[in-house]
Amino acid sequence: MDVVRVPEPVRPEDRSVLARPAPGPDLVLRYGAGDEQVCDVRIGGPAATARPLVVLLHGGFWRPEYDRAHVRPMTDALTHAGWTTVTPEYRRIPGRPDATVADVRAALREVRRSDLAAAHGGGRLLLAGHSAGGHLALHAAATASEDVVGVLALAPVADLGLAAALALDTDAVPAFLGCPAPARTDLDPARLPAAVAAVHLLHGTDDDVVPVVLSEAYRRCNPGAVLTTVPAGHFALIDPDSDVWPAVPAALDGLAAV
């Protein structure tokens, strides 16, 4: 694999959104018996019923210390923008990626057959994810049978092979997989068949956590995907107070219209 030089970050990453308080969910949907097999649900109001249901997968490099709570400011903002959101939790056990993937699939199955899905956009789902959640969203769109009509991948770890070569977040990829990335190409979105659903990648050019080269690599493998870059770091895309935040609901609007 060619060595890719990652440019120096233009500005330091603002991580304040990770600890920012936000209201809790309107309800919790369970998709399994485990403590982590639950989804936070926020109801977007009457206008949201005409739109697809947004299933948002949180990031954190698949590590157990990062859970769905850090995207509550984001889902709260999307609710006020007229979207109903479902945020699954999933098992994050180092070296056991199949448990993570199985949880995402189980959550999608449960959401798809729920009354909540039926009441929004005629049962259509939009799948979104940030960082490692973007990886999981892209993987699910390429492998799951659920009725996903669009995918919004925000600063996704879209190419596991390249992410491993760059040793992102102190070798997060081999820690997640429990093996070298080439041994699990079945979990690498850049090496899977293209998703049937429309795919929109949104990535900050100043991202020094998951560099934009990962989305560019995915786009080369999947030329049907749309890649939009914005002048921002990694966490701005989940921060409703950031200058680039309007690009997120705008991207959802675009996918909903496909």
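Summarised in this report is the structure supplied together with it. (Residues numbered from 1 in each chain as written. Predicted model: local features only at pLDDT ≥ 70, side-chain atom pairs only at ≥ 80, totals over all residues. Heavy atoms only, no water.)

Digging into the overall build of the chain
Logical step 1: Across its full length, the chain carries 8 helices and 8 strands.
Logical step 2: Relative to a compact globule of 258 residues, whose C-alpha radius of gyration would be 18 Å, the chain shows 17 Å and is just as compact.
Logical step 3: Taken along its principal axes, the extent of the C-alpha atoms in the chain is 50 × 35 × 35 Å.
Logical step 4: In the chain, which comprises 258 residues, the proportion classed as buried is 57%.
Logical step 5: The contacts of the chain with a sequence gap of at least 6 include a subset with a gap of at least 24, amounting to 76%.
Logical step 6: Summed over all atoms, the accessible surface of the chain reaches about 10500 Å², with 54% contributed by carbon and sulfur.
Logical step 7: Averaging the coordinates of the 22 positive side-chain charges in the chain and doing the same for the 31 negative ones gives two points 5 Å apart. (Helix = DSSP H or I, 4+ residues; strand = E, 2+ residues; numbered from the N terminus. Rg over C-alpha atoms; globule rule 2.2 N^0.38 Å. Buried < 20%, exposed > 50% of the residue type's maximum accessible area, 1.4 Å probe, protein only. Contact = heavy atoms within 4.5 Å. Areas by Shrake-Rupley, 256 points an atom, 1.4 Å probe, with all protein chains shown as cover. Lys, Arg positive; Asp, Glu negative; His and termini not counted. Charge placed at Lys NZ, Arg CZ, Asp CG, Glu CD.)

Focus: the packing of aromatic side chains
Logical step 1: In this structure the tally under the stated criterion is 2 aromatic pairs.
Logical step 2: Where F61 meets W62, the ring centres are 6.1 Å apart and the plane angle is 65°; that geometry is what we call edge-to-face. No difference in accessibility class separates F61 from W62, as the two residues are buried.
Logical step 3: Ring geometry for W62 and F176: centres 4.3 Å apart, planes at 10°, overall stacked. Here the residue W62 occupies a position in the loop between β3 (53-57) and α1 (72-80), and F176 occupies one in helix α6 (residues 168-177), the gap between them amounting to 114 residues. Accessibility classification places W62 together with F176 in one group, the buried group.
Logical step 4: Ring-pair connections join several aromatic residues into one group, and the members of that group are F61, W62 and F176. (Phe/Tyr/Trp six-rings, centres within 6.5 Å; stacked < 30°, edge-to-face > 60°.)

What to know about the pattern of salt bridges
Logical step 1: On inspection of all chains with the given rule, the structure shows 16 salt bridges.
Logical step 2: Between D40 and R72 there is a salt bridge whose closest N-O contact spans 3.1 Å. Of the two residues, D40 is situated in strand β2 (residues 38-42) and R72 in helix α1; the sequence distance between them amounts to 32 residues.
Logical step 3: Taking the shortest distance from any N to any O, the salt bridge between R68 and E89 comes out at 3.4 Å. Of this pair, R68 sits in the loop between β3 and α1 while E89 is found in the loop between β4 (85-88) and α2 (97-112), placing the two residues 21 residues apart along the sequence.
Logical step 4: Residue classification places R68 among the buried residues on the basis of a relative accessible area of 17%.
Logical step 5: Overall, E89 belongs to the buried group, its relative accessible area being 2%.
Logical step 6: Several salt bridges converge on common partners, so that one network encompasses E36, D40, R68, R72, E89 and R92. (Salt bridge = Lys/Arg side-chain N within 4 Å of Asp/Glu carboxyl O.)

Digging into the nonpolar core
Logical step 1: If you look at the biggest cluster of nonpolar residues, it comprises 80 residues, and the most contacted ones within it are W62, L127, V151 and L152.
Logical step 2: Aside from chain neighbours lying at most four places away, what touches V151 is L127, A137, L138, A141, A197, A198, V199, H200 and L255. (Core = buried A, V, L, I, M, F, W, Y, C linked by side-chain atoms within 4.5 Å.)

Side note on the environment of A232
Logical step 1: Along the chain, A232 turns up in the loop between β8 (226-230) and α8 (247-256).
Logical step 2: It is 6.6 Å that separates the C-alpha atoms of A232 and D207, two residues lying 25 residues apart in sequence.

What about the side chain of R42?
Logical step 1: Checked against the element boundaries, R42 lands in strand β2.
Logical step 2: A polar contact of 2.3 Å, which involves the side chain of R42, links it to the backbone oxygen of P23.
Logical step 3: At a separation of 2.8 Å, a polar atom in the side chain of R42 contacts the side chain of T75.
Logical step 4: The contact partners of R42, leaving out residues within four places of it in the chain, are A22, P23, G24, P25, D26, R72, T75, D76, T79, W83, T84 and T85. (Polar contact = N/O pair within 3.5 Å; in protein donor to acceptor, adjacent residues only side chain to side chain.)

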